[in-house]
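# Examination of the molecular architecture
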2 protein chains.
Amino acid sequence: MTTQGVIGELKKIVGADNVLTQKEDMVTYSYDAAVLDPVVPSAAVMPENSEQLGQIVKLCSDNKLPITVRGAGTNLSGGTIPSSRASIVLLTGKLNKILEINEADMYAVVQPGVVTATLAAAVEKKGLFYPPDPGSQAVSTIGGNVAENAGGLRGLKYGVTKDYVMGVSFFDSMGEHVKSGSRTVKCATGYNLAGLMVGSEGTLGILDEITLKLIPLPKARKSMVAVYKTIDEASETVAAIISNRIVPATLELLDNFTIRAVEAYSKAGLPIDAGALLLIEVDGHPGQVAEDGLKVEELCKTLGAVDVKVAADDIERDKIWAARRSALSALAKLKPTLVLEDATVPRSKIPAMVKALQEIAIKYKIEIGTFGHAGDGNLHPTILTDKRNKEEWHRVESAIEEIFDRALALGGTLSGEHGTGLAKAPFLAKETGLSSIIFSRRLRKALDPNGILNPGKITGII
Amino acid sequence: MTTQGVIGELKKIVGADNVLTQKEDMVTYSYDAAVLDPVVPSAAVMPENSEQLGQIVKLCSDNKLPITVRGAGTNLSGGTIPSSRASIVLLTGKLNKILEINEADMYAVVQPGVVTATLAAAVEKKGLFYPPDPGSQAVSTIGGNVAENAGGLRGLKYGVTKDYVMGVSFFDSMGEHVKSGSRTVKCATGYNLAGLMVGSEGTLGILDEITLKLIPLPKARKSMVAVYKTIDEASETVAAIISNRIVPATLELLDNFTIRAVEAYSKAGLPIDAGALLLIEVDGHPGQVAEDGLKVEELCKTLGAVDVKVAADDIERDKIWAARRSALSALAKLKPTLVLEDATVPRSKIPAMVKALQEIAIKYKIEIGTFGHAGDGNLHPTILTDKRNKEEWHRVESAIEEIFDRALALGGTLSGEHGTGLAKAPFLAKETGLSSIIFSRRLRKALDPNGILNPGKITGII
């Protein structure tokens, strides 16, 4: 069948209103938050239930038409960029039901299009906690979080999306419905396909249900902002907190460049002359929060903080985190092009990585704003540039590659939380070696012999 | 090359002393802790380092000779039973080095043959904690734990082996060295092959290095024993503790049958007239431990406990857990054959599962001792029988299948922590459906085209 023929069939499955083909819509779905060339698809389709989803996959399978699944499109590695003009985008926006929140057994079952923050708020109302909180949580979807193994601010203490996926069901490349995992905390039945699906970026199957672990909501929390003259002192404090066996819920770093951008954008009252800020939250039992809070404050001051402000109440607390969450938007206003990297190092190597980033900025004569999840080694060096300036863009590309190399040399990884996608696929062998890529390609070829599931991502075209 | 020819080559790789072929040795490696027929292999080989391991896999790959990896052989699902006479057993006993314990970044890197308890003790000396504690931890190996996704007593609060594997390296079926994961808490680079390897029972690759997450050692803990007249009251207490949002580190149940067996075996001073015992430990910040301890004690009494004994010191505490850990050995002394199951249900379904087990015991006129990790829904119904009694064994087999069916009907899983192996492979479709098995077989066939990696386990022969 021609692509147009398939589009006609898609309309029969989901109704004409749920199939978009207008040029303006196609442009909307041609790019994501990664700095990569857009690719315009043929259509975007919005299934309203699992049955329709399965029929769509089967139809595309039979006609070898590639599918790229898209949640909110906040992807930073190009995972949601369509593979070619002759492909469709599958939108999960109408698969947005929270199917169950089980309080007694502390799990939730959701469709992939549920917005992360919506789920977090729904479980919080019941005294439960879904910790993964990617920066984009206000719009990002659980399906996207699972497909990318999204991280967030709380990775240090609470782990990432992977650590909360108990089970999944999905349609494989032939449109067959596959289940893995359980609603029990322990499950050793069959292969850990749920684990394999996490971070597979829509290349092994298309999720229709996800079972997530929930935990009791911490009883207390305390947030604070520590102000430093230099970023070196701030990064040394990060290493000291961890080596003192304190595990804050969040431990975020903002350099001067980011502080000024955030303050200009959010007017949160940040000290624009500070060399760096640490934003820290400890949570748990009230006794532990009190002790950890005091000890963290003491460590900050010992290691050079000129001021440590403790949030007096939830309003002050929320203001701190709103400022932090605005960092990306604030930086994005400064220049036409923003490249947000997430190379990650073992936590104790944060001071070394901060130094490496300073050296790279000087070497390639570029602006790098550094902020991010210092507590789990996952900094976000953010390069501000203008892609149209070819000479500068070339320097930016060289700087990015050096960021990867320096992170790997420090025992780190190319991507802490943004995924491989298209952006990091060319560099994958640097980290995993060629054998891992060949192994991955064999696995993928067997599970998607016609190459219809988000081709080109992670392992390149196979 | 003939099998004898390969054995000659194996001797060249590891030295003649590290290749066992004597009949007595072969019998030793023909069975594990599952009640299944033994299969005698041709040889057992003990590599001393990764290089030798890789050479062995390559040699077997070239000669299509199947390999079954064996740690301590404590497997309860037949995962370590050789596939055929024409196969070798690969022993990990000499790959037993703890390669690194990184205190600053809280991870450990180990070879697969490291004994679980040895690692736990080594990290505890540094104030760190490796929580997974399968019942067999005194002899079981980390490699075996990863291959089976082993659970343990602390699953409720701390999760299972899967939750601690940050990265692995392994030799694939062609002898190529594959790496996945990182020494960082966050890693979204490439497929989550480390997650796939967990629970893959030696069928996708042979591990040579494992990187494990460590956490700070809890500052305080409190253990107690609650004595009940009836198992129903004890199981209702389990559900009540969880629904009160208390997450004990361990929450174990012993029925009267198990209590009497353990007391006869260990003389620990257990009340042999009790209908059931709950053994409970809470840990964490001292304030939390004090609060949770009191609340648990109160809940136990409210729900019918006739006595709650709190361990006064570490000696009393250790005595409680030693008694619990002796349950399997104690029960094993009573009859020639012991079948230890691990069908698992959502935690709130423990009372229903306990009732189901009582009904099954009556229906099939068999003895079922029930103990295990009630807090995470993972009970161990233990059937005592004599396999030589064919009529009784037939009833036992029917009872086992009904245990599976009842667990699944309650939203549970066939195996919480023992793996699929040979024992549960015939029942896998009941839980996952056929599509998941076909998907798994395609995956496996692509990664092990000649079927040399522990054939027959999990998905059956493909």
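Since we're looking at a predicted model, the values are computed, not measured.

Further remarks concern the domain arrangement of chain A. Residue and element names in this part refer to chain A. Here the domain parsing of chain A yields domain 1 (3-91), domain 2 (98-216) and domain 3 (219-326). Distance between the C-alpha centres of domain 1 and domain 2: 22 Å. Taken over both partners, the interface formed by domain 1 and domain 2 buries close to 1,100 Å², and the fraction arising from carbon and sulfur atoms is 61%. Taken together, the links from domain 1 to domain 2 amount to zero salt bridges. Counting every contact that joins domain 1 to domain 2 gives three residue pairs in polar contact (both at pLDDT 80 or more). Looking at the side of domain 1 that touches domain 2 element by element, the count peaks at six residues for helix α3 (residues 50-62).

Okay, the pairing of strand β12 (residues 220-228) of chain B next. Residue and element names in this part refer to chain B. Taking burial as the measure, the nine residues of β12 include seven buried ones, the bulk of the element. Relative to strand β14 (residues 276-284), β12 is paired through nine bridges, and the arrangement is antiparallel. Note on β14: the bridge partner recorded for Val 227 is Leu 277. Two strands pair when backbone bridges link them, and β12 and strand β15 (residues 307-310) are joined in this way by four bridges, in the antiparallel orientation. Residue Ala 226 lies in a different strand from β15, and its bridge partner there is Val 308.

Glancing now at the sheet that holds strand β8 (residues 165-171) of chain B. The strand order across the open sheet formed by five strands is β5-β6-β10-β8-β9 (chain B), and the pairing between neighbours is antiparallel. Of all strands in the sheet, those bounded by a partner on one side alone are β5 (98-102) and β9 (177-181) of chain B. Strand-to-strand, the axes of this sheet are offset by a mean angle of 10 degrees, without reference to chain direction. Docked against the sheet, helix α16 (residues 434-447) of chain A engages β8 and β9 of chain B, running at close to 85 degrees with respect to β9 of chain B. Sheet contacts for helix α4 (residues 116-124) of chain B: β5, β6 (107-110) and β10 (206-213) of chain B; angle to β5 of chain B, the most-contacted strand, approximately 35 degrees.

The interface of chain A with chain B comprises 85 residues on the first partner and 85 residues on the second. When chain A packs against chain B, the two sides together hide about 7,000 Å² of surface, and 55% of this comes from carbon and sulfur. By the criterion of area lost to chain B, the three top residues of chain A are Lys 186, Tyr 191 and Arg 245 of chain A, representing 14% of everything that side buries. Joining chain A to chain B, the criterion identifies 10 salt bridges. A salt bridge links Glu 417 of chain B to Lys 186 of chain A; the nearest nitrogen and oxygen atoms lie 3.1 Å apart. Summed over the shared surface of chain A and chain B, the result is 48 residue pairs in polar contact (both at pLDDT 80 or more). Among the secondary structure elements, those contributing two or more residues to the side of chain A that touches chain B are β9 (177-181), α7 (193-197), α10 (286-302), α15 (428-432) and α16 of chain A. Tallying contributions element by element places α16 of chain A first for the side of chain A that touches chain B, with nine residues. For the side of chain A that touches chain B, a count of residues per class yields 28 nonpolar, 37 polar and 20 charged.

This part is about the relation of the copies chain A and chain B. Rotating chain A by 180 degrees and translating it 0.0 Å along the rotation axis places it on chain B, where the RMSD comes to 0.0 Å. Put plainly, the chains are arranged around a two-fold axis. Of the residues that chain A buries at the interface, 100% are likewise interface residues in chain B, meaning the two copies contact each other through the same surface.

Turning our eyes to something else, we now look at α3 of chain A. Residue and element names in this part refer to chain A. Across its 13 residues, α3 extends 18 Å between first and last C-alpha, which sits within 8% of the 18 Å expected from 1.5 Å per residue. Considered for burial, the residues of α3 that qualify are Gln 52, Leu 53, Gly 54, Ile 56, Val 57, Leu 59, Cys 60 and Ser 61. As for α3, its buried residues are in contact with α1 (3-14), β2 (43-45), β3 (67-70), β4 (88-91), β8 (165-171) and β10 (206-213). Where α3 begins, the side chain of Asn 49 points an oxygen toward the backbone nitrogen of Glu 51, at a separation of 3.2 Å. Looking one or two residues beyond α3, the residue adopting positive phi is Lys 64, at roughly 50 degrees.

So, about unusual backbone geometry. Residues and elements named next belong to chain A. Of note in this structure, Arg 245 is not a glycine but carries a positive phi near 65 degrees. One can find Arg 245 in the loop between α8 (231-243) and β13 (250-255). Look at Arg 245 and you get partly exposed, because its relative accessible area is 24%. The phi torsion at Lys 365 lies on the positive side, around 50 degrees, for a residue other than glycine.

Looking now at a nonpolar patch on the surface. Residues and elements named next belong to chain A. Together, Val 27, Tyr 31 and Val 40 make up a nonpolar patch on the protein surface, roughly 240 Å² of accessible area in all. On the secondary structure map, Val 27 appears in helix α2 (residues 23-28). Note on Val 27: relative accessible area 39%, which makes it partly exposed.

What follows concerns the sheet that holds strand β14 (residues 276-284) of chain A. All names here are of chain A. Pairing in this open sheet of seven strands is antiparallel, and the strands run β15-β12-β14-β13-β17-β18-β16 from one edge to the other. A strand with exactly one partner marks an edge of an open sheet, and here the two such strands are β15 (307-310) and β16 (337-340). The mean inter-strand angle of the sheet, taken between neighbouring strand axes irrespective of direction, is 20 degrees. Sheet contacts for helix α13 (residues 350-363): β13, β17 (367-373) and β18 (378-385); angle to β18, the most-contacted strand, approximately 10 degrees. Along the sheet face, helix α14 (residues 390-409) touches β16 and β18 and points at about 170 degrees away from the line of β18.

Rules behind the numbers
Residues numbered from 1 in each chain as written. Chains lettered and ligands numbered in written order. Predicted model: local features only at pLDDT ≥ 70, side-chain atom pairs only at ≥ 80, totals over all residues. Heavy atoms only, no water. Domains from an automatic or database assignment. Buried area = accessible area lost by both parts, 1.4 Å probe. Salt bridge = Lys/Arg side-chain N within 4 Å of Asp/Glu carboxyl O. Polar contact = N/O pair within 3.5 Å; in protein donor to acceptor, adjacent residues only side chain to side chain. Helix = DSSP H or I, 4+ residues; strand = E, 2+ residues; numbered from the N terminus. Buried < 20%, exposed > 50% of the residue type's maximum accessible area, 1.4 Å probe, protein only. Pairing = 2+ DSSP bridges. Axes fitted to C-alpha atoms, helices over the stretch in contact; angles between N-to-C directions. Contact = heavy atoms within 4.5 Å. Nonpolar A, V, L, I, M, F, W, Y, C, P; charged D, E, K, R; others polar. Least-squares fit on C-alpha atoms with pLDDT ≥ 70 in both. Expected span 1.5 Å × (residues − 1). Patch = residues over 30% accessible without salt bridge, like charges linked within 9 Å, V, L, I, M, F, W, Y side chains within 5 Å. Areas by Shrake-Rupley, 256 points an atom, 1.4 Å probe, with all protein chains shown as cover.

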